[in-house]
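So the chains spell out like this:
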Amino acid sequence: MKSLPHTPGPIGVFDSGYGGLTILHGIRQLMPHYDFIYLGDNARAPYGARSYEVVYEFTRQAVTRLFEMGCHLVILGCNTASAKALRSIQQNDLPQLDPSRRILGVIRPTAEVIGRLTKSRHVGILATEGTIKSESYNMEIAKLYPDIQVTGVACPFWTLLVEYNEADSPGADYFVKKRIDQLMMQDPKIDAVILGCTHYPLLMPKIVKYIDPGVRIVPQGEYVAESLRVYLERHPEMEAKCTKNGNVSYYTTENAEKFEESASIFLHEQIKAETISLGF
């Protein structure tokens, strides 16, 4: 491994594909003056159905690369990576890599706010198979709000609908309606639904169409952004290590032109990306 730079650098945002761009967008809306590096492991996406061991190894490679690129703080903008790899990397790898660096996920910030968003104390999770099987949301919410009942449903095709730019297609209606109906059938008392995958906000028009108007839909971008703002406020030593020129660099393990085209769907702006490799 290369030696890690100690001068201030950008905040890293990692995702298995494009979904983390919704997290980056939310953070930039709140904190536009900071610098960011976005890294998408698009060549090996999606992570949703992969084993714990594989997700951990891929995520560790990405985090290490972002550290080498100057990031002192990395946000895992991927629910699957947050569920399957975050804790292991924090406990096992950070002490060896650099104990002063930090990695944060997207599950905890979402769990923290859900207590004030539900009145019935019945919450639903729509996420990838890996995130649902990990029960990470159930555990985090139970720690904070033991009175909340959590029901999760895996949505295996939703990520692909977004990745292949089919989110607005008539065929997407079938898959979206099917999983929402399944969730609400399991617990009709649900009044707040967490979109536990960062791709899912791109399906919002379909989700709104098939969910009861009285049910609160909880995308993650704004809550993760606010959580990061508070974190940096509470940790001035880390805040001082984050550069502030309002710049963003984009990297992908896939074809850069393909990434640029798809990223514009998520960001509503044209970007330039560069291709890099991660351990393969």
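Please refer to the structure placed before this passage.
Here goes a summary of the coordinates provided. Being a predicted model, the structure only gives us computed values, none of them experimental.

### Let's talk about the overall build of the protein
A count of helices and strands for the protein gives 13 helices and 10 strands. On C-alpha atoms alone, the protein measures out to a radius of gyration of 18 Å, which is about the 19 Å that the 2.2 N^0.38 rule sets for 280 residues. Counting only C-alpha atoms and orienting by the principal axes, one finds that the protein spans roughly 55 × 40 × 35 Å. When the 280 residues of the protein are sorted by exposure, 56% land in the buried category. Looking at the protein alone, contacts between residues at least 24 apart form 79% of all its contacts between residues at least 6 apart. Separation between the mean location of the 29 positive side-chain charges and that of the 32 negative ones in the protein comes to 3 Å.

### Thoughts on the packing of helix α1 (residues 20–30) against helix α11 (residues 221–234)
Running from N to C, α1 and α11 cross one another at 50°; their axes reach a closest spacing of 8 Å. Judged on the interaxial angle alone, α11 and α1 are oblique. Crossing of α1 against α11: the hand is right-handed. Side by side, α1 and α11 meet where Thr22, Ile23, Gly26, Ile27 and Leu30 of the first sit next to Gly221, Val224, Ala225, Glu226, Leu228 and Arg229 of the second. Residues of the contact of α1 with α11, tallied by class, amount to six nonpolar, three polar and two charged.

### Section: the sheet that holds strand β3 (residues 73–76)
The strand order across the open sheet formed by six strands is β4-β3-β1-β2-β9-β10, and the pairing between neighbours is parallel. Two strands in the sheet have a free side with no partner beyond their single neighbour: β4 (102–104) and β10 (273–275). For this sheet the average axis-to-axis angle between neighbouring strands, irrespective of direction, equals 20°. Direction of pairing for strand β1 (residues 11–15) relative to β3: parallel, over a ladder of three bridges. Along β3, the bridge assignment pairs phenylalanine 14 with leucine 76. Against the sheet, helix α4 (residues 86–97) contacts β3 and β4, and its axis sits at roughly 170° relative to β4. With respect to the sheet, α11 is in contact with β1, β3 and β4, its orientation differing from that of β3 by roughly 160°.

### A look at the nonpolar core
By size, the foremost hydrophobic cluster in this structure holds 52 residues, and its most contacted members are Leu21, Leu126, Trp158, Leu232, Tyr250 and Phe259. The residues touching leucine 126, leaving out its near neighbours within four places in the chain, are Val153, Cys155, Trp158, Arg179, Ile180, Leu183, Val193, Ile194, Leu195, Gly196, Cys197 and Tyr200. Grouped together as the second largest cluster of nonpolar side chains are 25 residues, Ala62, Leu66, Phe67 and Val74 included.

### Overview of the pairing of strand β7 (residues 192–196)
Taking burial as the measure, the five residues of β7 include five buried ones, the bulk of the element. With burial as the criterion, each face of β7 is covered, one bearing Ala192, Ile194 and Gly196 and the other bearing Val193 and Leu195. Sheet topology places β7 next to strand β8 (residues 216–218); three bridges connect them, and they run parallel. Residue pairing in the sheet places alanine 192 in a bridge with arginine 216 of β8.

### Observations regarding helix α2 (residues 52–68)
With 17 residues, α2 ought to run about 24 Å at 1.5 Å a step, and its terminal C-alpha atoms sit 24 Å apart, in line with that. Residues of α2 that are buried include every one of Val55, Phe58, Thr59, Gln61, Ala62, Val63, Thr64, Leu66, Phe67 and Glu68, and no others. In this fold, the buried residues of α2 make contact with β1, β2 (36–40), β3, α3 (79–84), α4 and β4. Glycine 70, located one to two residues past α2, shows a positive phi value of around 105°.

### Some details on the side chain of aspartate 187
With respect to the secondary-structure elements, aspartate 187 resides in the loop between α9 (170–186) and β7. Each residue touching aspartate 187, except ones within four places of it in the same chain, is listed here: His122, Gln149 and Thr151.

Rules and cut-offs
Throughout, residues of each chain are indexed from 1 in the direction in which the sequence is written. Residues qualify for local features only when their pLDDT is at least 70, as the model is predicted, and side-chain atom pairs are given and counted only at 80 or more; totals for whole chains, interfaces and linings, by contrast, use all residues. The side-chain figures draw on all heavy atoms in the structure; neither hydrogens nor water molecules are used. Helix and strand assignments follow DSSP, with helices taken as H or I runs no shorter than four residues and strands as E runs no shorter than two, numbered in order from the N terminus. Based on C-alpha atoms, the radius of gyration is set beside the globule rule, defined as 2.2 Å times the residue count to the power 0.38. The buried label goes to any residue with under 20% of its type's maximum accessible area, the exposed label to any with over 50%, and the partly exposed label to all in between, with areas taken from a 1.4 Å probe on protein chains only. The contact criterion used throughout is that any non-hydrogen atoms of two residues lie within 4.5 Å. We score Asp and Glu as negative and Lys and Arg as positive, and we do not count His or the chain ends. In plain terms, the charge of a residue is placed at NZ if it is Lys, CZ if Arg, CG if Asp and CD if Glu. Axes here refer to lines fitted to C-alpha atoms; in helices the fit is confined to the stretch in contact. Angles between the N-to-C directions go from 0 to 180 degrees. Our angle categories are set so that under 35 degrees counts as roughly parallel, over 145 as roughly antiparallel, 65 to 115 as roughly perpendicular, and the remainder as oblique. Rotating anticlockwise by less than a right angle from the far helix to the near helix defines a left-handed crossing, while the corresponding clockwise rotation defines a right-handed one. Note on residue categories: nonpolar means Ala, Val, Leu, Ile, Met, Phe, Trp, Tyr, Cys or Pro, charged means Asp, Glu, Lys or Arg, and polar means any other residue, Gly included. Two strands are counted as paired when DSSP detects at least two bridges linking them. Take the buried Ala, Val, Leu, Ile, Met, Phe, Trp, Tyr and Cys residues and link them wherever side-chain atoms come within 4.5 Å; each set so joined is a nonpolar core. A helix is expected to span 1.5 Å for every residue after the first.

Just distances and angles here, no functional claims.
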